[in-house]
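If you want the building blocks of each chain, they are given just below.
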Amino acid sequence: MVLKKVKRGIVGLLAASLMISAAACGGGSKDTEETTAAAEETTAAEETEADAGQEETAAPAADSGETVTISIAARGGSHVDAIESVKADFEAAHNCKIEVSGYEAADLKKNIMLDSTKPTGNFDLVMADDPWMPEFTEAQIFLNLTEAGYEADSDLVQQCLDIGKVPYGEGDQYALPFSGNVMFLFYNKDLVSDVPTDWNAVLAAAEQVQADGNLGYVIRGQQGNPIVSDWLPIYWAMGGEVFDENWEAQVNSEKGIAALELYIKLLETGANYEKNDLVAAVSDGKAAMSLGWPSWYVSGSEASAAYAVIPGKVDADSETYPAGMIGNWMMGVTGNSGNQELAIELLNYLTSAESQKIMADAGGVPTRESVLTDAELVEKYPHFPTLLEATKASKVRPRHTNWSKAEEVLGAELSAAVSGVKTPEEALAAAAEAMNDVIK
Amino acid sequence: MEKKRTQLVDHNRVFTNVMVWPALIILLLTSLLPIIYVLVTSLTDMTLITMNRGGTQWVGLKNYIDAIQDKDFLHSIWVTVKFTLLAVVTETIFGTLLALFLHGSGRPSKLLRTLFLFPMLCPPITITLIWQTMFSNSYGILNQILGVFGIAPVNWLQDINTAFYSVLWVDIWQYAPFVFLLVYVALCQMPQDLHEAAALDGANSFQRLRHITLPYLAKPMTVVILLRLIDTFRLFDKVNVLTKGGPYNSTRTITMYIYQRGYNDLDIGVTSATSILMTLLILLIAFPYIRSSFKQMVQRR
Amino acid sequence: MKPKRKVWRGIVTALLLIWTFFPIYWMISLAIRGNEELTSALSFFPKSFTFEHFRMLFVKHHFEQALWNSFIVTAISLIIALIVGLACSYILVRVRFRFGLRKVSFFWILLVRVLPPIAFAMPLYFIFNYLQLSETRLPIIVAHLLINLPLIIWFTMTSIDSLAQGIEESAQIDGASEWQIYSHIILPQIYPSIAAVGMLSFMASWNEYLYAVIFIQKRDLFTLPLLLSTMNSEQELTQWGQIGAGGIISMIPVLIFVIFAQRYLIAGLSSGGVKE
């Protein structure tokens, strides 16, 4: 009797756990079957394509079958909105489905990297922040577009196109500029009447505003990428370079120290804000000036905030250097994509003038001269010509696979100086040492 | 059938195996390979680049030595230990007081009990972002409230003197209810007869708390503290949203360090080695607790 | 004396409620303000009222899909974890093993709990890739089991351990099967613990981000935390309205679960009349 009951209990338990695991795997195994099926189809399609080499007419056979899915890994937010706003036409024309997965920036990077380790990747098109380019190309994530027949398009702004070349500015094209981010000097029109064109004038203007009872210059001093992006333009404007040609860190040079001292003086006229606060403060007229990215202000173009090119010199009569940090978001075809041809076509479509015009309304930042100077768009987005000008006077961060680590240690030391824990000399000396360590 | 003295109920072999193995097999399958992988890769210089292009090399203990010699890593250990101790102690005291307060109030209100759990129920990333706006230097509501009392604005998250405690504040706010919940459950399961007997003997409520309730709570609290210890030790998302480890590394926890130096760039060798160091460290810190629950669970029989 | 004490209780309760609820109030107040208000100084009380942010979540971000995905993953992993975990912990506590299985299991479970997820995430990713399962829900469900099983086993072991064994013994003498002992005597006694640990596991799964972000690569499988995380990035302004709205919606299922679990907390207490 007892035994029988035990048995029943066990059977019940087994059945329950089986059912549940079946339910759990049910969704899974179905998907797997689909995947395998899709994989088989791809091979079949490839074979058909190979045949089609001799017999052109056979090609549409692949088209008439299942629709192909092109998967894009993008940074979540306005970039996804922008792609979504133009994808329908391409889907209709090529009988395919475009799937856009948006991730937060750091997660996007990891996902793309992990996906590149697969024989056939999940992503066909991927977005990359411009400092990731050296690492991504070194890891062979991108397909070489030049080898795939890409011809340089002179309408794309040269500085943006250069980021996608490996080595920088001269080699083959691996990615195309999708979003034309470049840093600006943002200022409040009511507080600053004459836009300063050199850094001493910025300081003078900030001190004046402070004397009138408002905040002068607001820094974005959060440790890490923010403070580095916020300080480097000043350093560059003094003619400084982060590394020399042998990858020795130069930030502890006299120029570096002068730039950091100026940065701290600027902070003393204002405050240290996080980005949302900073944007609100400048738009409201609580603060006069700061540096920032274009997409911050796009929505509030009626506000009293305005945009100018970041000054590239220290004094009115000193030499001018490119100082505006460029931070384009690039897009390339993955080397392990299963649909490279279609992906290249989609890449060309997404970076075309027509698409960029439509995407501008969804928060896209164009990278083409013709779009940035398009009369209709300029009326809607008066900062586009400034953006073009700023891009042409822009500078890239050092092209090195370990830049993100170097940025991280530099950010920590800049943060120490801004917090008053270290003097600028101490902080930059420590930064240079640490940067030399991580770059090797 | 042989009957063991400590084993009061007879156990059928089949039943035992069917019950115990599914969970152990799942755990073994999902953790054994990864643990081996982590141990092995910690001895290599594997990165994304060497994974995709070949050329991963054995480097012996280099990753471990580099980490131990890196003052940033050592500093992150200090930050983590300080944070963990402060957070766990405060959360335990606060959560326990809350549980005693609510449980002692005659008829414990069901509504209040649920309400106090709310912070724990919030999605961590979202609520941390909300805290970020509240801490905002310029327009944050906390500074606005301080302003009403005539106190100058505090740069909560970017001042080196306050950032650490601001993150701590958020953690305590969110996880003191965790301690509250578990202690409260334990209080509910506490046999009432002891209390009644003591009350009959004329013990006042403080004496009963001191001599009956607290000793009873010792065991469940060991578990609660250990759980909080383990989770707080790997603190990451709050720091990542609120301060990114700044100002000047004052809030950079070990996980944040691993994330920035290894994980983010898929520097697998470094990630593995530092993760192992971190695991050893937490086992070391949690050792007294582990030993006491180990004793309770294992060696008593 | 008594009324005075009541007043103090009231004051303490009120203070605790303010401490607990202020951030949640702030989340709600961000979710219902119009966008114009959100980009400048925020007043204590909202000046505008809109449901636009909630609407946008569904129209633009397909929030319903993420809700469903989160639900599936959380429910499946929680049910499996509870069933196998409770069974395992009962046996580990009550049965005597010859080879020190209890010791080994106990330590292994602890180790799995302690190892940092960022160390586990990559190897698991490669394994699932190798098995060609990376485009399914299986990896994420397994990851959640990995998070929750140790907690459940470990936590319920303590509860079962503190139960008096006399009832089990007499039940067996009365002819109850082991399954009956387990399901009718052991489980009801630890309902409060099951409810509590179930709550914790549910929340851990519901809010899990680290594994989700690298295991989920298809837009259709995105879970809530993944979707919510994309609303804040350094180069764009944070969408406070949508973040607040998303937070509120994603809290609702957790709340329902907690209220549901609370019934068991109570049920366990009233049926726990088996005390010596």
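Residues numbered from 1 in each chain as written. Chains lettered and ligands numbered in written order. Predicted model: local features only at pLDDT ≥ 70, side-chain atom pairs only at ≥ 80, totals over all residues. Heavy atoms only, no water.

## Digging into the interface of chain C and chain B
Working step 1: Taken together, the contacts link 106 residues of chain C with 99 residues of chain B.
Working step 2: On the chain C side of the contact with chain B, Trp19(C), Trp108(C) and Ile118(C) bury the most area, a combined 7% of that side's loss.
Working step 3: Counting every contact that joins chain C to chain B gives one salt bridge.
Working step 4: Among the ionic pairs, Asp231(B) bridges to Arg113(C), the shortest N-O distance being 3.2 Å.
Working step 5: Counting residues per element, the side of chain C that touches chain B draws most heavily on helix H1 (residues 2–31) of chain C, which supplies 14 residues.
Working step 6: Looking at side-chain class alone, the side of chain C that touches chain B contains 76 nonpolar, 17 polar and 13 charged residues. (Contact = heavy atoms within 4.5 Å. Buried area = accessible area lost by both parts, 1.4 Å probe. Salt bridge = Lys/Arg side-chain N within 4 Å of Asp/Glu carboxyl O. Helix = DSSP H or I, 4+ residues; strand = E, 2+ residues; numbered from the N terminus. Nonpolar A, V, L, I, M, F, W, Y, C, P; charged D, E, K, R; others polar.)

## Observations concerning the sheet that holds strand E11 (residues 305–308) of chain A
Residues and elements named next belong to chain A.
Working step 1: Across the sheet, five strands lie side by side as E9-E8-E10-E7-E11; this open sheet has mixed pairing. Each having just a single partner strand, strand E9 (271–272) and E11 make up the two edges of the open sheet.
Working step 2: Looking at chain direction, strand E8 (residues 215–219) and strand E10 (residues 287–292) are connected through two bridges and run parallel. Paired with Leu215 across the two strands is Ala287, which belongs to E10.
Working step 3: Along the sheet, helix H7 (residues 199–211) contacts E8 and E10; its crossing angle with E8, the most-contacted strand, is approximately 125 degrees.
Working step 4: Along the sheet, helix H10 (residues 275–284) contacts strand E7 (184–188), E8, E10 and E11; its crossing angle with E10, the most-contacted strand, is approximately 135 degrees. (Pairing = 2+ DSSP bridges. Axes fitted to C-alpha atoms, helices over the stretch in contact; angles between N-to-C directions.)

## Observations regarding the domain arrangement of chain A
Residue and element names in this part refer to chain A.
Working step 1: Assigned domains of chain A: these are domain 1 (24–181 + 327–395) and domain 2 (184–325 + 402–439).
Working step 2: With 15 residues of domain 1 at the interface, the matching set in domain 2 holds 17 residues.
Working step 3: Roughly 1,500 Å² of surface becomes buried between domain 1 and domain 2 when both sides are summed, with 68% attributable to carbon and sulfur atoms.
Working step 4: For domain 1, the biggest contributors to the area lost against domain 2 are Asn181, His383 and Lys395; these three give 42% of the whole.
Working step 5: On the surface where domain 1 and domain 2 come into contact, there are one salt bridge.
Working step 6: With a shortest N-O distance of 2.9 Å, Glu241 and Lys395 are connected by a salt bridge.
Working step 7: There are three residue pairs in polar contact (both at pLDDT 80 or more) connecting domain 1 and domain 2.
Working step 8: Within the residue set of the side of domain 1 that touches domain 2, elements represented by two or more residues are helix H15 (384–392) and strand E14 (394–395). (Domains from an automatic or database assignment. Polar contact = N/O pair within 3.5 Å; in protein donor to acceptor, adjacent residues only side chain to side chain.)

## Things to note about the packing of aromatic side chains
Working step 1: According to the stated counting rule, one finds 48 aromatic pairs over all chains in the structure shown.
Working step 2: Geometrically, the ring pair formed by Phe184(A) and Tyr307(A) is tilted, given 5.8 Å between the ring centres and 55 degrees between the ring planes. Pair noted here: Phe184(A) is in strand E7 and Tyr307(A) is in strand E11, with a separation of 123 residues, a long-range link.
Working step 3: When its relative accessible area of 0% is taken as the criterion, Phe184(A) is described as buried.
Working step 4: Note on Tyr307(A): relative accessible area 12%, which makes it buried.
Working step 5: Relative to Trp156(B), the ring of Phe135(B) has its centre 5.6 Å away and its plane inclined at 45 degrees; by these criteria the two rings are tilted. Taken as a pair, Phe135(B) in helix H6 (residues 124–135) and Trp156(B) in the loop between helix H7 (141–148) and helix H8 (163–189) lie far apart in primary sequence, 21 residues in all.
Working step 6: An aromatic cluster is present here, built from Phe94(B), Trp131(B), Phe135(B), Trp156(B), Trp169(B), Trp173(B) and Trp19(C) joined pairwise through their rings.
Working step 7: Above the plane of the ring of Phe178(B) lies Arg228(B), whose end atom (NZ or CZ) is 5.5 Å from the centre.
Working step 8: Here the guanidinium or amino end of Arg219(C) rests over the ring plane of Phe222(C), the centre of that ring lying 5.3 Å away. (Phe/Tyr/Trp six-rings, centres within 6.5 Å; stacked < 30°, edge-to-face > 60°. Buried < 20%, exposed > 50% of the residue type's maximum accessible area, 1.4 Å probe, protein only. Lys NZ or Arg CZ within 6 Å of the ring centre and 35° of its normal.)

## Here's the deal with the pairing of strand E2 (residues 96–103) of chain A
Working step 1: Where burial is concerned, most of E2(A) is hidden: seven out of the eight residues are buried.
Working step 2: For the segment spanning strand E1 (residues 68–75) of chain A, helix H3 (residues 78–94) of chain A and E2(A), crossover handedness is right-handed. (Right-handed = clockwise from strand over helix to strand, strands pointing away.)

## Points about the interface of chain A and chain C
Working step 1: The partner chain C presents 43 residues to the 49 residues of chain A that form the contact.
Working step 2: For the interface between chain A and chain C, the tally reads two salt bridges.
Working step 3: Between Arg75(A) and Glu236(C) there is a salt bridge whose closest N-O contact spans 2.2 Å.
Working step 4: Secondary structure elements with two or more residues in the side of chain A that touches chain C: helix H1 (2–52), H3, E2, helix H4 (105–115), helix H8 (225–237) and H10 of chain A.
Working step 5: The dominant element in the side of chain A that touches chain C, judged by the number of residues it contributes, is H1(A), at 13 residues.
Working step 6: Here the side of chain A that touches chain C is composed, by residue class, of 17 nonpolar, 19 polar and 13 charged.

## What about unusual backbone geometry?
Working step 1: That bond from Val166(A) to Pro167(A) is cis: its omega, -10 degrees, falls within 30 degrees of zero.
Working step 2: Inspection of the secondary structure assignment puts Pro167(A) in the loop between strand E4 (165–166) and strand E5 (172–173).
Working step 3: Between Gly246(B) and Pro247(B) the backbone carries a cis peptide bond, its omega angle lying at -15 degrees.
Working step 4: With respect to the element layout, Pro247(B) can be found in the loop between helix H11 (237–242) and helix H12 (254–261).

## Side note on the sheet that holds strand E3 (residues 125–129) of chain A
Residues and elements named next belong to chain A.
Working step 1: With respect to topology, five strands assemble into an open sheet ordered E2-E1-E3-E13-E6, the strand pairing being mixed. Since the sheet does not close on itself, it has two edges, and those belong to E2 and strand E6 (176–179), each with one partner. Between one strand axis and the next, the sheet turns through 30 degrees on average, direction left out of account.
Working step 2: As paired strands, E1 and E2 are joined by eight bridges and run parallel to one another. The residue of E2 that forms the bridge with Ile70 is Ile98.

## Re a nonpolar patch on the surface
Working step 1: Residues Leu28(B), Leu32(B), Leu33(B), Ile36(B), Leu39(B), Val40(B) and Trp58(B) make up a contiguous nonpolar surface patch of roughly 670 Å² in combined accessible area.
Working step 2: Secondary-structure assignment places Leu39(B) in helix H1 (residues 13–41). (Patch = residues over 30% accessible without salt bridge, like charges linked within 9 Å, V, L, I, M, F, W, Y side chains within 5 Å. Areas by Shrake-Rupley, 256 points an atom, 1.4 Å probe, with all protein chains shown as cover.)

## Quick look at the confidence of the model for chain C
Residue and element names in this part refer to chain C.
Working step 1: Mean pLDDT over chain C works out to 85, with 94% of the residues at or above the 70 mark.
Working step 2: Averaged over each element, pLDDT in chain C is lowest for helix H2 (residues 35–38) (79) and highest for helix H4 (residues 63–94) (93).
Working step 3: Reported confidences for the modelled complex are a pTM of 0.87 and an ipTM of 0.87. (pLDDT = per-residue confidence, 0-100.)

## Brief notes about the pattern of salt bridges
Working step 1: Applying the stated criterion across every chain, the model contains 35 salt bridges over all chains.
Working step 2: Arg252(B) is paired through a salt bridge with Asp72(B); the nearest N and O atoms lie 3.4 Å apart. Of the two residues, Arg252(B) sits in the loop between H11 and H12 while Asp72(B) sits in helix H4 (residues 71–103), which places them 180 residues apart along the sequence.
Working step 3: The buried category is assigned to Asp72(B), whose relative accessible area is 15%.
Working step 4: Overlapping salt bridges, with partners in common, bring together Glu408(A), Asp70(B), Lys71(B), Asp72(B), Arg252(B) and Arg261(B) in one network.

## Brief notes about the packing of helix H3 (residues 62–69) of chain B against helix H13 (residues 268–285) of chain B
All names here are of chain B.
Working step 1: Interaxial distance between H3 and H13 falls to 9 Å at its minimum, and their mutual angle equals 65 degrees. By the angle between their directions, the pair H3 and H13 is classed as roughly perpendicular. In the packing of H3 onto H13, the handedness of the crossing is right-handed. In this structure, H3 contributes Asn63, Tyr64, Ala67 and Ile68 to the contact, and H13 contributes Gly269, Val270, Ala273, Thr274, Ile276 and Leu277.
Working step 2: Among the residues forming the contact of H3 with H13, the class breakdown is seven nonpolar, three polar and no charged. (Parallel < 35°, antiparallel > 145°, perpendicular 65-115°, else oblique. Left-handed = near helix turned anticlockwise from the far one by under 90°.)

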